[in-house]
Structures are given as C-alpha cells and as structure tokens.
Amino acid sequence: MNGEAPVRIDAWLWAVRQFKTRSAATAACRAGHVRVNGERAKAAQPVRPGDEVRVRIAGFDRQLIVRRTLVKRVSATLAAEAVDDRTPPPPPRESVAAVVTRDRGSGRPTKRERRDIERLRGH
C-alpha cells in the first residue's frame, strides 16, 4: 500500500476491485473506457489522491475519486476506503425505454410492425 505515491491507473482499478483482473483493466484503458480528470487514460497513466476517474463498466459510467493509491489487491473493506464512489443512482425503471421483443421464429417484421417498433424506441 502506497497511500500517496502515484500508481498506474490499471493497477489501481484492479486493486480497488473495479475489474476482476488487471488485464481487464488494461483492456478497458485501451478501449477508451477510462478517463482521469476528463482525459482519456492509457494503462500506465499515474493517478494520485484527489484525481477523478470515470470508468465505463457494463454500459454504465462510474465516477470515482481516488482517496488512497494501492498497488496490490487488498480486502474489500480497505479497497472501499481507498475510493470515493460518486456514481449517481441509476434511473428509475419507468424512465428506461421498453425493450421490444419478438417471438422466436416469427420472421422479419412487416412494414407496419417496423414502424411501431421505431415509434416505441422514440425514432
């Protein structure tokens, strides 16, 4: 545990249990899913206490503030103390658009069905 020394962003994300493996954290950095203080971050970019980290995981953005830097993976309680999660709560279920599903094997939608689907999606 460093505490104040800068640490690679991929190692820190893995240490605070945002990703299961360090290679998954590195892949997320390469894909552009990680931002440090508003800028896209490469895997080797250092983070310090006070930095804001935004991570896209499973289609949702998480807003994290670095409290302490960690190099190695630690217990969940220590990991929770090293990060300040400022992610807003997810939107209520009612405001999420309805997912249109069709019966399996029913073929392609007709022109009328396609227009109804587009209307439901808000296009």
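What counts as what
- Residues numbered from 1 in each chain as written.
- Predicted model: local features only at pLDDT ≥ 70, side-chain atom pairs only at ≥ 80, totals over all residues.
- Heavy atoms only, no water.
- Core = buried A, V, L, I, M, F, W, Y, C linked by side-chain atoms within 4.5 Å.
- Buried < 20%, exposed > 50% of the residue type's maximum accessible area, 1.4 Å probe, protein only.
- Helix = DSSP H or I, 4+ residues; strand = E, 2+ residues; numbered from the N terminus.
- Contact = heavy atoms within 4.5 Å.
- Lys, Arg positive; Asp, Glu negative; His and termini not counted.
- Salt bridge = Lys/Arg side-chain N within 4 Å of Asp/Glu carboxyl O.
- Polar contact = N/O pair within 3.5 Å; in protein donor to acceptor, adjacent residues only side chain to side chain.

Moving on: the nonpolar core. In terms of nonpolar packing, the biggest core is built from 25 residues, with Ile9, Trp12, Leu13, Val34 and Val53 touching the most fellow members. Ranked by residue count, the leading element in this core is helix H1 (residues 9-15), at 5 residues. Once you skip the residues sitting within four places of it in the chain, Leu13 turns out to touch Gln18, Phe19, Ala25, Val34, Val53, Val55 and Leu64.

The residue Asp51 is located in the loop between strand E4 (46-47) and strand E5 (52-57) in this model. For the buried residue Asp51, which engages in no salt bridge, the nearest side chain bearing the opposite charge is Arg48, 5.0 Å off. Of the polar contacts made by the side chain of Asp51, one reaches the backbone nitrogen of Arg48; its length is 2.9 Å. Filtering out sequence-adjacent residues up to four positions away, Asp51 remains in contact with Val36, Asn37, Pro46, Leu64, Ile65 and Val66.

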